[in-house]
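Chain residues, written in single-letter form:
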Amino acid sequence: MIFYIKNMVCMSCQMVVTYELEKLGLNLHKVEPGKVEVFEPVSADQILILKLALIRAGLELMDNKKNILVEKIVCAVTEMIDYAHDELKTNFSHHLSEKLNHDYTYLANIFSEAKGTTIEQFIILKKIQRVKQLICYNELNMTEISWKMHYSSVAHLSTQFKKITGITPSHFKHMGCNSSLHPEMCEL
């Protein structure tokens, strides 16, 4: 049986879901962002217990096909931005279409309807969130960060960062990463 879970995009969320399923005595086959597969059938009582446990953790069990597709888009974007280590060989729209086996226009319409924003704007927000994390880790300089995040230049990154946050990346770095602008490790 496959479960689709909203907001399960980080490792800590995946650990919470794994723990809750194991508490129910279920054997996991596969755990990945937004999706968990178990070997055996799951009873209605187990599903109810799982739903309540997930809600307490800020997660949500999904059964609506459109919502599941939107969550797959969120997970694919998060994976592209947070976990990709290589240079992006294609643009985001082509990558999403290939990964999710749907026309990009269809994906964009479903996403906008559900989230009230475009996929492109969501990608920008996720990239800026990741840039904040990379600045706080203090392991890469701005040129390396702009390259890693697939910006054409540091100037492009800085302009987009300021447009979204209201401050420059260097100002963010000098403010320190303990301020209210500090990126959350897991934003639910």
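Below you will find a few notes about this structure. The model shown is predicted, which means the values in this text are computed figures rather than measured ones. Per chain, residues are indexed from 1 in the order of the written sequence. Whole-chain, interface and lining totals are the exception, using all residues; otherwise, since this is a predicted model, local features are given only for residues with pLDDT of at least 70 and side-chain atom pairs are given and counted only at 80 or more. For side-chain calculations, the full set of non-hydrogen atoms in the structure is used, while hydrogens and water are omitted.

Within the secondary structure layout, Arg130 lies in helix H6 (residues 119-137). Residue contacts are defined here by distance: any two heavy atoms, one from each residue, within 4.5 Å place the two residues in contact. Among all residues touching Arg130, those that are not within four sequence positions of it are Ile81, Asp82, Tyr137, Lys148 and Met149. Secondary structure is summarised from DSSP: a helix means a run of H or I of at least four residues, a strand means a run of E of at least two, and numbering begins at the N terminus for each.

Bringing the nonpolar core into the picture now. We define the nonpolar core as a collection of buried residues of types Ala, Val, Leu, Ile, Met, Phe, Trp, Tyr and Cys that are connected through side-chain atoms lying within 4.5 Å of one another. Residue exposure (1.4 Å probe, protein chains only): buried if accessible area is under 20% of the type maximum, exposed if over 50%, otherwise partly exposed. Core analysis: the biggest nonpolar cluster contains 34 residues, and Val77, Leu96, Ile119 and Val131 have the highest contact counts within it. For this core, the elements supplying multiple residues, two or more each, are helix H3 (65-83), helix H4 (92-100), helix H5 (104-115), H6 and helix H8 (154-165). Take this core: its biggest share by element is 9 residues, from H3. Not counting chain neighbours up to four residues away, the residues in contact with Leu96 comprise Ile73, Ala76, Val77, Met80, Asn101, Tyr104, Leu107 and Ile119.

Only one rule defines a salt bridge in this text: a Lys or Arg side-chain nitrogen within 4 Å of an Asp or Glu carboxyl oxygen. Scanning the model with the defined rule gives 2 salt bridges in all. In this structure, the salt-bridge partner of Glu20 is Lys23, at a minimum N-O distance of 3.4 Å. Pair noted here: Glu20 and Lys23 are both in helix H1 (residues 11-23), with a separation of 3 residues, about one helical turn. On the basis of relative accessible area, Glu20 is assigned to the buried category, the value being 13%. Classification of Lys23 as exposed rests on a relative accessible area of 51%. The residue Glu79 makes a salt bridge to Lys99 at a minimum N-O spacing of 3.5 Å. Remark: Lys99 occurs in helix H4 and Glu79 occurs in helix H3; sequence separation between them is 20 residues. Overall, Lys99 belongs to the partly exposed group, its relative accessible area being 39%.

So, on to the sheet that holds strand S3 (residues 35-38). In short, DSSP must find at least two bridges between two strands for them to pair. Ordered in space as S2-S3-S1-S4, the 4 strands form an open sheet in which the pairing is antiparallel. Whereas interior strands pair on both sides, the edge strands pair on one side only; in this sheet they are strand S2 (28-32) and strand S4 (60-62). Direction aside, neighbouring strands of the sheet carry axes that sit 25° apart on average. Two elements, strand S1 (residues 2-6) and S4, share 3 bridges in a ladder whose sense is antiparallel. In the sheet register, Tyr4 faces S4, and the bridge partner there is Met62. Across the sheet, H1 touches S1, S2 and S3, and the angle it forms with S2 is around 160°. A fitted line through C-alpha atoms represents every axis, and for helices the fit uses only the stretch in contact; the resulting angles, taken between N-to-C directions, go from 0 to 180 degrees.

In this structure, Tyr104 sits in helix H5. With 55 residues separating them in the primary sequence, Tyr104 and Thr159 have C-alpha atoms 27 Å apart. Every residue in contact with Tyr104, bar those within four places of it in the chain, is listed here: Ser93, Leu96, Ser97, Ile119 and Glu120. A distance of 2.6 Å separates the side chain of Tyr104 from the side chain of Glu120, its partner in a polar contact. Definition of a polar contact: a pair of N or O atoms within 3.5 Å, with one able to donate and the other able to accept a hydrogen when the atoms are protein atoms, and with sequence-neighbouring residues admitted only if both atoms are side-chain atoms.

Quick look at H5 now. With 12 residues, H5 extends 16 Å from end C-alpha to end C-alpha; this agrees with the ideal 16 Å at 1.5 Å per step. On the buried face of H5, the contacting elements are H3, H4 and H6. Taking the backbone nitrogen of Thr105 as reference, a side-chain oxygen 3.1 Å away marks Asp103 as the first, capping residue of H5. Backbone geometry just downstream of H5 places Gly116 in the positive-phi region, at approximately 75°. Every helix has an expected span of 1.5 Å times one less than the residues it contains.

A few words on H8. When the terminal C-alpha atoms of H8 are compared, their 16 Å separation across 12 residues agrees well with the 16 Å that a helix rising 1.5 Å per residue should span. The complete set of buried residues in H8 reads Leu157, Gln160 and Phe161. Along the long axis of H8, the arc covered by the buried residues comes to 105°, so they all point the same way. Opposite the packed face of H8, turned more than 90 degrees from it, sit the exposed residues Ala155, Thr159 and Lys163. In this structure, the buried residues of H8 make contact with H6, helix H7 (142-148) and helix H9 (169-175). Just downstream of H8, Gly166 is the residue with a positive phi angle, here 90°. Within this analysis, the arc is defined by the directions that extend from the helix axis to the C-beta atoms.

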